[in-house]
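Okay, here's what each chain looks like letter by letter:
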Amino acid sequence: MTDRERELIAAYIPSPRDETLEPGCEYYVKDTAARVQRVWVTTINPGSAGEDLVYRVRNDRGIVRTGHEDRHGSIPKWVMYDNKEDCRNDTHSCYSRWEYLRKLQEEEM
């Protein structure tokens with residue numbers, strides 16, 4: 001791991017992964033009322049013009065609105081988090097490669 005990757009990990013994913021999350025379940029940063037909710041990914045689609053993937057998510061009551069949806073109701077990866085604390089603090093807003101950093105971090109352990 002490079003020094004730059006260590007800096008990115010410290011900035012974007014300071015808290016450890018929540019080990020209680022089920023596969024396909026993630027926290028996402030604040031719904032339109034600024035509440036952190038646990039959600040499940042229901043659909044993964046390509047972003048517009050070949051950009052990163054986008055995700056449709058739901059909670060126990062249905063589709064969740066974050067204010068970051070595209071015209072199909074999908075959200076970018078940077079809206080979702082793998083622990084509640086980072087989600088509450090918006091640690092990686094606008095950075096979709098946070099899962100790559102988490103993988104690097106866990107490989108170093």
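Residues numbered from 1 in each chain as written. Predicted model: local features only at pLDDT ≥ 70, side-chain atom pairs only at ≥ 80, totals over all residues. Heavy atoms only, no water.

Visitor: Mind showing me how you'd approach the pattern of salt bridges here?
Guide: One side chain can pair with another of opposite charge once the charged atoms of both are near each other. Evaluation of the coordinates by the stated rule reveals eleven salt bridges. One salt bridge connects Glu 85 with Arg 88, and the closest N-O pair in it is separated by 3.2 Å. Here Glu 85 pairs with Arg 88, and both are found in helix α2 (residues 84-89), just three residues apart, close to one helical turn. In this structure Arg 88 comes out as partly exposed when scored by relative accessible area, which is 41%. Each of Arg 17, Asp 82, Arg 102 and Glu 106 takes part in a single network of salt bridges with overlapping partners. (Salt bridge = Lys/Arg side-chain N within 4 Å of Asp/Glu carboxyl O. Helix = DSSP H or I, 4+ residues; strand = E, 2+ residues; numbered from the N terminus. Buried < 20%, exposed > 50% of the residue type's maximum accessible area, 1.4 Å probe, protein only.)

Visitor: Help me understand the packing of aromatic side chains, please; the structure alone is not making it clear to me.
Guide: Geometry of an aromatic ring pair is reported as the spacing of the ring centres plus the angle between the planes. Under the definition given, this model contains one aromatic pair. A centroid spacing of 4.3 Å and a plane angle of 10° characterise the contact between Tyr 12 and Tyr 95, whose relative ring orientation is stacked. With Tyr 12 in helix α1 (residues 3-12) and Tyr 95 in the loop between α2 and α3 (98-108), this pair connects stretches of sequence that are 83 residues apart. Classification of Tyr 95 by relative accessible area gives buried; the value is 18%. Sitting above the plane of the Tyr 55 ring, Lys 77 keeps its charged end 4.9 Å from the centroid. One cation-aromatic arrangement involves Arg 97 over Tyr 100; the distance from NZ or CZ to the ring centre is 4.6 Å. (Phe/Tyr/Trp six-rings, centres within 6.5 Å; stacked < 30°, edge-to-face > 60°. Lys NZ or Arg CZ within 6 Å of the ring centre and 35° of its normal.)

Visitor: I keep staring at the side chain of Arg 102 and nothing clicks. Help me out?
Guide: Among the secondary structure elements, Arg 102 is positioned in helix α3. Polar contacts involving the side chain of Arg 102 include one to the main-chain carbonyl oxygen of Ser 15, which spans 2.9 Å. Residues in contact with Arg 102, not counting those within four places in the same chain, are Ile 13, Ser 15, Pro 16, Arg 17, Asp 82, Asn 83 and Asp 86. (Polar contact = N/O pair within 3.5 Å; in protein donor to acceptor, adjacent residues only side chain to side chain. Contact = heavy atoms within 4.5 Å.)

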